[in-house]
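# Observations on the three-dimensional arrangement
Residues per chain are reported as follows:
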Amino acid sequence: ALVALTWRDYPPASRRSLVGLAIVTSGLFLYFEFFMRLPSLYSWWKEPRYVLPLAVLLAAVSGIGLARWIAMVRGPARYAAYGYVAALLAFMSAFNIASVRADHEYWKQNRIDHVAQELAAVLKDRPEPTVFIWNDDLARYLAVHVGLNRTTFFERSRGEGYLQNRFAADGSSRVSPGSLVVTTPGQDHWSKPTAAADHWNLVWTDGHGTAVWAVPDPAPVVPMEMVNKSLSPPLSIKRAGLSRTAILPGQHLVVSLDITNAGSPQAIAAGVKCEGSTMELRKFEALSGTRTISMDLAMNVPPAAASRQCQLVAATDGQPWVEFGAIEVGSVTYLEPEADFSHDLDTERAKGNSWYRQDQSFYSGGGSVVAVAPFGPLTLGFPEVEGNVWVDLGVYNYGEAGSNVISVSVNGATGEIAWGPDSEVGVVHRVLALAEVRRGGEIVITVETVGQSAIVIDSVAISTIPPPLSTGSR
């Protein structure tokens, strides 16, 4: 108002500068207060800290206004005006300093990198030369607390150093025996390539989903059966055993072999043969004599739309591959249903939808869908499957007194999942087995019974192999 009252008292150049400042300030204000609130532009939404540039511009406008108010006052009263402005600035400074100090104290007690600090303390005395971690954000903080003289995030991006990416660019696991693996909330789940293998040893957990695992070298020996396979004279595999008979791409298992070598030590390659194509997975050395070799093996085969009956194979240099064990490599499809919905309930109702999007950091993929009464089906498409399938549904449990039931139909085969007050609060997983599903690619999820504040679906996974018995629906 003071700027407007004294507008004509200043030269054109000053007025042009004020117009430019007003345009920039108005543009930022409109962006943060209007455009960022449009439901269809939820990807533009930002945290409150992004509005800070507007504070600088508003401070400039306020300073100009106060200066003009002082200029309007004549005589001794101008000293009083100076005093009022000084008192106002002192009050605002004290208020802001107190606010910043309170925020600072809060974040000192609730550090955003507290998990990285705890992990660094765990890793400090560990002898393993490499730590594999998939979460980039956590790896950045962890590099600082482990010590930049020991590792950097730049080294991680190049596949070097102490903290390394758990997966290669093609999605294959880079985890090696004798290393450590860090899993974060939601990663240690049976249907994901990030699941910790059954034979890995738990080193530490914070009780909230973050854990450190040691990959044993050698791996524990698993039961073996007689196979009597000759690799090349005088080298042969007498017995072989696998820790799993079915596995998903990128996951790990144990392979145990009784090998007889009547000659000098030789290098052996272990691999997997699927649909006529053979991939080498790792190499190991067979020493002279009869020895048992047990090793961690990553099933680094490309994902496929259906399960494949594969063979584990071994060979010495220049010799053909020899089969010594069978394994089913399954397929899994991950669905994040929130991608098809907006955050605005009214917008979705106008479209005739019964679901809308809700984002939280603890959800898989950062988002979920919430059912809206009157409840309608949630229909999702995916690559075609047939035969036996297992549906893994991640739902949010509020811990309230009622029971909840959802029906799930895959290509017409239907079953139900339920959860209630006996389940832990937060995202819980329920696995539904469906037999003899006809060929197709459609899943329909319908709310049947509601016993809590809302029905929230976090994620959907459709697998052609069941969960391992040892982990259940972990």
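What counts and what doesn't
- Numbering of residues starts from 1 in each chain and follows the order in which that chain's sequence is written.
- Only residues with pLDDT of 70 or above have their local features reported here, since the model is predicted, and side-chain atom pairs are shown and tallied only from 80 upward, although totals for entire chains, interfaces and linings are computed over all residues.
- Side-chain numbers come from the whole structure's heavy atoms, not from hydrogens or water.
- Strands are runs of DSSP state E lasting at least 2 residues, helices are runs of H or I lasting at least 4, and numbering of each runs from the N terminus.
- Within these notes, the globule rule equals 2.2 Å times the number of residues to the 0.38 power, and the radius of gyration is based on C-alpha atoms.
- The classification of residues rests on relative accessible area computed with a 1.4 Å probe and restricted to protein chains. Under 20% of the type maximum is buried, over 50% is exposed, and intermediate values are partly exposed.
- We call two strands paired when DSSP finds no fewer than two bridges between them.
- Two cysteine sulfurs form what is called a disulfide whenever their separation falls within 2.5 Å.
- Geometry is summarised by axes, namely lines fitted to C-alpha atoms with helices restricted to the contacting stretch, and by angles between N-to-C directions that run from 0 to 180 degrees.
- Orientation is classified from the angle alone, with under 35 degrees giving roughly parallel, over 145 giving roughly antiparallel, 65 to 115 giving roughly perpendicular, and any other angle giving oblique.
- For any pair of crossing helices, the crossing counts as left-handed if the nearer helix is rotated counterclockwise from the farther one by less than a right angle, and right-handed if it is rotated clockwise.
- Contacts are assigned to residue pairs with any non-hydrogen atoms lying within 4.5 Å of each other.
- Gly is put with the polar residues, along with every residue not named as nonpolar or charged; the nonpolar set is Ala, Val, Leu, Ile, Met, Phe, Trp, Tyr, Cys and Pro, and the charged set is Asp, Glu, Lys and Arg.
- Each polar contact in these results corresponds to two N or O atoms within 3.5 Å; when the atoms are within protein, one needs to be able to donate a hydrogen and the other to accept it, and residues that are neighboring in sequence are counted only if both atoms are side-chain atoms.
- Helix span, as expected, comes to 1.5 Å for every residue beyond the first.
- This arc describes the spread of directions from the helix axis toward the C-beta atoms.
- Aromatic pairs are defined between Phe, Tyr and Trp rings, using the six-membered ring for Trp, whenever the two ring centres lie within 6.5 Å; interplanar angles under 30 degrees are classed as stacked, those over 60 as edge-to-face, and all others as tilted.
- Summary of the metric used: pLDDT quantifies the predictor's per-residue confidence within the range 0 to 100.

Within the chain, the regular secondary structure consists of eight helices and 22 strands. Here the C-alpha atoms of the chain give a radius of gyration of 31 Å, more than 25% beyond the 23 Å that 2.2 N^0.38 yields for 474 residues. The principal-axis extents of the C-alpha atoms in the chain amount to approximately 110 × 60 × 45 Å. Here the chain holds 474 residues, and the buried ones make up 43% of them.

Let us now look at the pairing of strand β22 (residues 456-463). The element β22 is extensively covered by neighbouring structure, given that eight of its eight residues are classed as buried. Inspection of the sheet shows strand β15 (residues 332-335) paired to β22 by four bridges, in the antiparallel sense. Paired with Thr333 across the bridge in β22 is Ile462. For strand β17 (residues 367-371) and β22, the ladder comprises two bridges, and the chain directions are antiparallel. Within the sheet, the bridge partner assigned to Val370 lies in β22 and is Val456. Pairing analysis gives six bridges linking strand β18 (residues 378-397) to β22, with the strands arranged antiparallel. What sits directly across from Gly394, in β22, is Ser459.

Omega for the peptide link from Asp217 to Pro218 comes to 5°, which places this bond in the cis form. With respect to the helices and strands, the residue Pro218 is situated in the loop between β5 (211-214) and β6 (225-232). Here the amide bond leading from Ala373 into Pro374 is cis, since omega sits at -5°, within 30 degrees of zero. Not every positive phi belongs to a glycine, and Asn228 is a case in point at roughly 50°. Mapped onto the secondary structure, Asn228 falls in strand β6. If you check the backbone angles, Asn411 has positive phi at about 55° while not being a glycine. Examined against the element boundaries, Asn411 turns out to sit in the loop between β19 (404-410) and β20 (413-419).

Let's shift gears to the state of the cysteines. Counted under the stated rule, the structure contains one disulfide. In this model Cys274 forms its disulfide with Cys310; the gap between the sulfur atoms is 1.9 Å. Classification of the bridge connecting Cys274 and Cys310 rests on its S-S torsion, roughly 115°, and on that basis the disulfide is right-handed. Remark: Cys310 occurs in strand β13 (residues 308-316) and Cys274 occurs in strand β10 (residues 266-274); sequence separation between them is 36 residues. The two residues Cys274 and Cys310 agree in class, both being buried.

The next thing to look at is the packing of helix α2 (residues 12-33) against helix α3 (residues 52-72). Helix-helix packing is characterised by the crossing angle of the two axes and by the distance between the axes. At a closest axis distance of 10 Å, the pairing of α2 and α3 adopts a crossing angle of 140°. Viewed along their axes, α2 and α3 adopt a mutual orientation that is oblique. With respect to the hand of their crossing, α2 and α3 are arranged in left-handed fashion. In this structure, α2 contributes Leu18, Leu21, Val24, Thr25, Leu28 and Phe29 to the contact, and α3 contributes Pro53, Leu54, Leu57, Leu58, Ala60, Val61, Ile64 and Arg68. For the contact of α2 with α3, the residue count by class is 12 nonpolar, one polar and one charged.

Turning our eyes to something else, we now look at the side chain of Ser294. In this structure, Ser294 sits in strand β12 (residues 289-298). A polar contact of 2.7 Å, which involves the side chain of Ser294, links it to the side chain of Ser256. Not counting the four nearest positions on each side in its chain, Ser294 is found in contact with Pro218, Ala219, Pro220, Val221, Val254, Val255 and Ser256.

End to end, α2 covers 31 Å across 22 residues, agreeing with the expected 32 Å (1.5 Å per residue, within 8%). Buried within α2 we find Leu18, Leu21, Thr25 and Phe32. For α2, the buried positions fall inside an angular range of 65° around the axis, keeping them on one side. Of the exposed residues in α2, those oriented more than 90 degrees away from the buried face are Arg16 and Ile23.

Following the criterion strictly, the structure yields six aromatic pairs and no others. A centroid spacing of 4.9 Å and a plane angle of 85° characterise the contact between Tyr106 and Trp107, whose relative ring orientation is edge-to-face. Geometrically, the ring pair formed by Trp134 and Phe167 is edge-to-face, given 5.4 Å between the ring centres and 75° between the ring planes. Here the residue Trp134 occupies a position in the loop between β1 (131-133) and α6 (136-146), and Phe167 occupies one in the loop between β2 (163-165) and β3 (180-183), the gap between them amounting to 33 residues. Of the residues examined, Trp134 reaches a relative accessible area of 42% and is grouped as partly exposed. By relative accessible area, Phe167 is classed as buried at 10%.

Okay, the confidence of the model for the chain next. Of all residues in the chain, 95% attain a pLDDT of 70 or more, and the chain-wide mean is 88. Note that residues 470-474 has pLDDT below 50 and, in this model, 14 contacts with residues that lie over four places away or in other chains.

Spatially, five strands are ordered β2-β1-β3-β5-β4 in an open sheet, and the strand pairing comes out mixed. Both edges of this open sheet fall to β2 and β4 (201-205), since each of them pairs with a single strand only. Shown here is a sheet whose adjacent strand axes are inclined to one another by a mean of 30°, direction ignored. Where helix α5 (residues 114-123) meets the sheet, it contacts β1, β3, β4 and β5, and its direction lies at approximately 135° from that of β4. Across the face of the sheet, α6 comes into contact with β1, β2 and β3 while running at roughly 165° to β2.

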